[in-house]
Number of protein chains: 2
Amino acid sequence: MVSRRIAEVLRNGQPDESLKVQGWVRTKRELKGFAFIEVNDGSSLANLQVVLNQDLPDYDQFLKQLNTGSSLEVVGVLLPSVGKGQRIELKAQTVKIYGEADPDTYPLQKKRHSFEFLRTIGHLRSRTNSFGAVFRVRNACATAIHEFFQTRGFLWVHTPIITASDCEGAGELFSVTSLNLKDVPHTENNTVDYSQDFFGKPTYLTVSGQLEAEVMAMAFSNVYTFGPTFRAENSNTSRHLAEFWMVEPEMAFCDLEGDMDLAEAFLKHVFKHVLETCPEDMEFFNQRIDHTVLETADNIINNEFQRLTYTEAISLLEKADVQFEYPVNWGLDLQSEHERYLAEQLFKKPVILTDYPAQIKAFYMRLNDDEKTVRAMDVLAPKIGEIIGGSQREERLEVLSNRIKAQGMKPEDLWWYLDLRRYGTVPHAGFGLGFERLVQFMTGMGNIRDVIPFPRTPQNAEF
Amino acid sequence: MVSRRIAEVLRNGQPDESLKVQGWVRTKRELKGFAFIEVNDGSSLANLQVVLNQDLPDYDQFLKQLNTGSSLEVVGVLLPSVGKGQRIELKAQTVKIYGEADPDTYPLQKKRHSFEFLRTIGHLRSRTNSFGAVFRVRNACATAIHEFFQTRGFLWVHTPIITASDCEGAGELFSVTSLNLKDVPHTENNTVDYSQDFFGKPTYLTVSGQLEAEVMAMAFSNVYTFGPTFRAENSNTSRHLAEFWMVEPEMAFCDLEGDMDLAEAFLKHVFKHVLETCPEDMEFFNQRIDHTVLETADNIINNEFQRLTYTEAISLLEKADVQFEYPVNWGLDLQSEHERYLAEQLFKKPVILTDYPAQIKAFYMRLNDDEKTVRAMDVLAPKIGEIIGGSQREERLEVLSNRIKAQGMKPEDLWWYLDLRRYGTVPHAGFGLGFERLVQFMTGMGNIRDVIPFPRTPQNAEF
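Residues numbered from 1 in each chain as written. Chains lettered and ligands numbered in written order. Predicted model: local features only at pLDDT ≥ 70, side-chain atom pairs only at ≥ 80, totals over all residues. Heavy atoms only, no water.

1. Quick look at the sheet that holds strand β4 (residues 71-80) of chain B
Remark on secondary structure: sheet strands pair via backbone hydrogen bonds, oriented parallel or antiparallel. Residues and elements named next belong to chain B. Pairing is mixed in the closed barrel, where five strands are placed in the order β1-β2-β3-β5-β4. Each strand of the sheet is rotated relative to its neighbour by a mean of 55°, with strand direction disregarded. Sheet topology note: the β4/strand β5 (residues 88-99) ladder contains ten bridges and is antiparallel. Pairing of Val77 across the sheet is with Lys91, part of β5. (Pairing = 2+ DSSP bridges. Helix = DSSP H or I, 4+ residues; strand = E, 2+ residues; numbered from the N terminus. Axes fitted to C-alpha atoms, helices over the stretch in contact; angles between N-to-C directions.)

2. A word on the packing of helix α5 (residues 210-220) of chain A against helix α12 (residues 415-422) of chain A
Residues and elements named next belong to chain A. Where α5 contacts α12, the axes come no closer than 10 Å and their chain directions differ by 35°. In this structure, α5 crosses over α12, and the sense of that crossing is left-handed. Two secondary-structure elements touch here, α5 through Gln210, Leu211, Glu212, Glu214, Val215 and Met218 and α12 through Trp416, Tyr417, Leu420 and Arg421. (Left-handed = near helix turned anticlockwise from the far one by under 90°. Contact = heavy atoms within 4.5 Å.)

3. Considerations on the sheet that holds strand β10 (residues 222-230) of chain B
Residue and element names in this part refer to chain B. The mixed open sheet is built from eight strands, whose spatial order is β6-β10-β11-β16-β15-β14-β13-β12. The sheet is open, and its two borders are formed by β6 (155-156) and β12 (306-309), each paired with just one other strand. Two strands pair when backbone bridges link them, and strand β13 (residues 351-357) and strand β14 (residues 373-381) are joined in this way by six bridges, in the antiparallel orientation. Counterpart to Val351 in the pairing with β14 is Leu380.

4. Structural notes on the packing of aromatic side chains
Enumeration over the complete set of coordinates arrives at 61 aromatic pairs over all chains. Measuring from ring centre to ring centre gives 5.1 Å for Phe148 of chain A and Phe149 of chain A, while their planes differ by 80°; the resulting arrangement is edge-to-face. Phe149 of chain A matches Phe148 of chain A in its accessibility class, with the two residues each being buried. These aromatic residues form a ring-pair network of at least three members: Trp156, Phe226, Trp245 and Phe435 of chain A together with Trp156, Phe226, Trp245 and Phe435 of chain B. Sitting above the plane of the Tyr356 of chain A ring, Lys361 of chain A keeps its charged end 4.3 Å from the centroid. (Phe/Tyr/Trp six-rings, centres within 6.5 Å; stacked < 30°, edge-to-face > 60°. Buried < 20%, exposed > 50% of the residue type's maximum accessible area, 1.4 Å probe, protein only. Lys NZ or Arg CZ within 6 Å of the ring centre and 35° of its normal.)

5. Comments concerning the relation of the copies chain A and chain B
Relating one copy of the chain to the other takes a rotation about an axis and a shift parallel to that axis. Expressed as a screw transformation, the operator carrying chain A onto chain B has a rotation angle of 180° and an axial translation of 0.0 Å, and the superposed copies differ by an RMSD of 0.0 Å. Look at the turn and shift together and you get a two-fold axis relating the two. Closest approach to the rotation axis within chain A is made by the C-alpha atom of Val176 of chain A, at a distance of 2.4 Å. (Least-squares fit on C-alpha atoms with pLDDT ≥ 70 in both.)

6. Structural notes on unusual backbone geometry
In this structure, Ser221 of chain A is a non-glycine residue whose phi angle is positive, near 70°. Mapped onto the fold, Ser221 of chain A is located in the loop between α5 and β10 (222-230).

7. Description of the nonpolar core
Counting 232 residues, the largest nonpolar core has Phe266, Leu267 and Leu438 of chain A together with Phe266, Leu267 and Leu438 of chain B as its most contacted members. Apart from residues lying up to four places away in sequence, Leu267 of chain B is in contact with Ile300, Phe305, Val379, Ile387, Ile388, Leu433 and Leu438 of chain B. By size, the runner-up hydrophobic cluster in this structure holds 24 residues, among which are Val9, Val25, Val50 and Phe62 of chain A. (Core = buried A, V, L, I, M, F, W, Y, C linked by side-chain atoms within 4.5 Å.)

8. Remarks on the interface of chain A and chain B
Each side of the interface is counted separately: chain A has 107 residues, and chain B has 107 residues. Taken together, both faces of the contact between chain A and chain B bury some 8600 Å²; the carbon and sulfur share is 65%. Looking only at chain A, the three residues that lose the most surface to chain B are His158, Phe198 and Tyr423 of chain A, adding up to 10% of its buried area. Between the two partners, chain A and chain B, sit two salt bridges. Of the charged contacts, one joins Lys201 of chain A and Glu462 of chain B as a salt bridge, the two residues approaching to 2.8 Å between their closest N and O atoms. Counting across the interface, chain A meets chain B through 49 residue pairs in polar contact (both at pLDDT 80 or more). Top element by residues in the side of chain A that touches chain B is helix α4 (residues 129-151) of chain A. It accounts for ten residues. (Buried area = accessible area lost by both parts, 1.4 Å probe. Salt bridge = Lys/Arg side-chain N within 4 Å of Asp/Glu carboxyl O. Polar contact = N/O pair within 3.5 Å; in protein donor to acceptor, adjacent residues only side chain to side chain.)

9. Things to note about the side chain of Asp197 of chain B
Structurally, the position occupied by Asp197 of chain B is in the loop between β8 (175-177) and β9 (203-205). Put simply, Asp197 of chain B is tucked away with no salt bridge, and the nearest opposite charge, on Lys201 of chain B, sits 12 Å away. There is a polar contact of 2.8 Å between the side chain of Asp197 of chain B and the backbone nitrogen of Ser178 of chain B. In this view, Asp197 of chain B contacts Gln459 of chain A together with Val176, Thr177, Ser178 and Leu179 of chain B; residues no more than four positions away in its chain are not counted. (Lys, Arg positive; Asp, Glu negative; His and termini not counted.)

10. Concerning the side chain of Thr373 of chain B
All names here are of chain B. Relative to the helices and strands, Thr373 resides in strand β14. Of the residues examined, Thr373 reaches a relative accessible area of 5% and is grouped as buried. A distance of 2.6 Å separates the side chain of Thr373 from the side chain of Asp370, its partner in a polar contact. If sequence neighbours within four positions are ignored, Thr373 has contacts with Trp330, Asp355, Tyr356, Pro357, Ala358, Arg366, Leu367 and Asn368.

Here it is in structure tokens:
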């Protein structure tokens, strides 16, 4: 008999059906002459209630072994459940125990555990309700992302993880090396002898696949990356990871308007897909983690995003009847408090700010005719803040070369990137989205370490 | 007017339709009074033939500018094509040139270029027919993989790229560090002072996500990874990359039979999906790259894989009327020539070998009752050789601890992996597939560097 997943049984199972399930015991409740075992196999938040009757052979032995965390296979018959909380339950006919979990040492006994504690048992925490829900929603987000781009004819491209360029100047990089750190070889003039290193030069973990995605967009028109990126920033906050996944679409023949249209459609699609495919998990987050997650999702799905320029935003912030901690001045970057004021208090829906001052944005963003602002955009969402950052790219060779020089970088280091402007250049645009932040906002989880299976943060690379 | 993708126009376009396309010039052919421009936008191998008539304003200027590699937008009307090779063509009404490509310096002029040369211009090579086809097929493979697992209820899990364990003992690892390589800090007893490093200990780039995937399978039953993995092996061959993507499904409540069933269904699905979605590209590979790729695909899709044990295979190889270069002996690993003999000459279809000698396989594979062999499996395909390696995992705590010790490793370093056997252990199994090898075999491309956008190999981390 082929076993069935519990999510499917809870959805489709009919009284009198015979079936087999396999999973782990969440709780056990003994009553006179029988016992209820809640079994979970990770396919859903809800457990399947299994009824063990005392006429089952080895009943007493089973009850002794079937503690929280133990694994089993049950063959039985579905019955309508008389208890509340479930439509059906499984009356066990045969039980097979695969593995026990000693109640004296198994750390996940039935009680509330803090997320801090659960991080120390990252190899077991996915067996809890919260983390089960998080990783099902994470998978649904990832699936929604691929679905969104694939149905629109975008190619998924894999940009390199190991890179020899620190072109974005995004700052703190991890070095990748095959040299023996105990005894790094040096050249005569006392620099590192990289000729002995694997790649023959210094290499790093990528901070973004954008520049390479632009290469691919200049051949396939529409592409996206979805892969890991890295920051060696010593930021011990609830919103920073040293290793995280990023989504970066890039479109040829596209300006900032098209970029904003894509970003808006993208966010709406992902939120909608998750609500449709994980309603039970999203309800759980709304009840137990953050009472506003469904409202936030609804706000994103059902509102046309407000679009305005940075300059307009500054003037609105200057007029605001609010005491901000940080100064508001044209030319300064916006702080989280400013972004949240705009999205939450003023417009009460997602806002896209465009045309930021050139000096606070990256070299590759397209310079406007005013020569002071660039065609950048940030998507700000209520309760969330900045969730997407993007831009139309500078496609003019001369302007780009000058911008590179102005930032103290060498155009020759970016020869291949400049070639894209030299040969068949086209207007193009794209954006980046931090995948874990998306999952964090979707679920309301307070700490970003709790939305990735094995978080990497300063002093922490466990499991 | 919204522009349309060329693949879609070639498929659905009807005479007299007005439309806009955007792309890059592949070739230009001037005739008396008019010219043909072949335009490609990366959506298909085939170009759209655009007809420029001399009555077009600026006709002469356009012809001068529209060289191979230049980018343009054309608005026009579809007409039935009188020339052979295409059903329809686009008669241009207005043309807008975005960017030129100087024919004296643009490296991709209309002629055959060697793949070696094209590797030196990795930022442009995707604009050729071969690489266009490769990366469309690569995307189709990736999509097929997600589709296969998602429809079967597997969760995509992201296992860590940076890891503190070299548990597989897979050998050569890249170090990841935030230390300054010029001046690595040392402790008093002259070892590296890792307390100053980002993670406070030595860290590496992962060689496999399997152990962490097992963690997730013990909560969600069925999961898969699909992400980058690394080897710092100094292998300058046509089948090795230092950075490559790997797919690793892991299933709880599954034995080696189930694992083999999954591997077989998986390969059939991916090949079928690519043939269905990229018929033109696959036809191209069959004609231009390797005349056997369609036959190989057909062989994989339409044959039941032959299953036999390593021991049976050794006895068949010993009886073979073939002179092998490497010795055949129970206990020795099989060489490529042996694997190809079995798949190509003897069975003429994919073969799954099982139950290899324990001493040539990894510590986590389940020990058979004979205590000499383990529940490993390798899938060997004609023309391809080994394409998948997998196993049922050792789920018994005692046996696993002993195997770890026997391999000179410390069980305490794998405390969390052993915990999976301590608490609710279940039979489980999985496999690994090198994604670039799959794409290489699918397309018949001779060098694995030509199936990943930006290959990383010894002395090479360009772009």
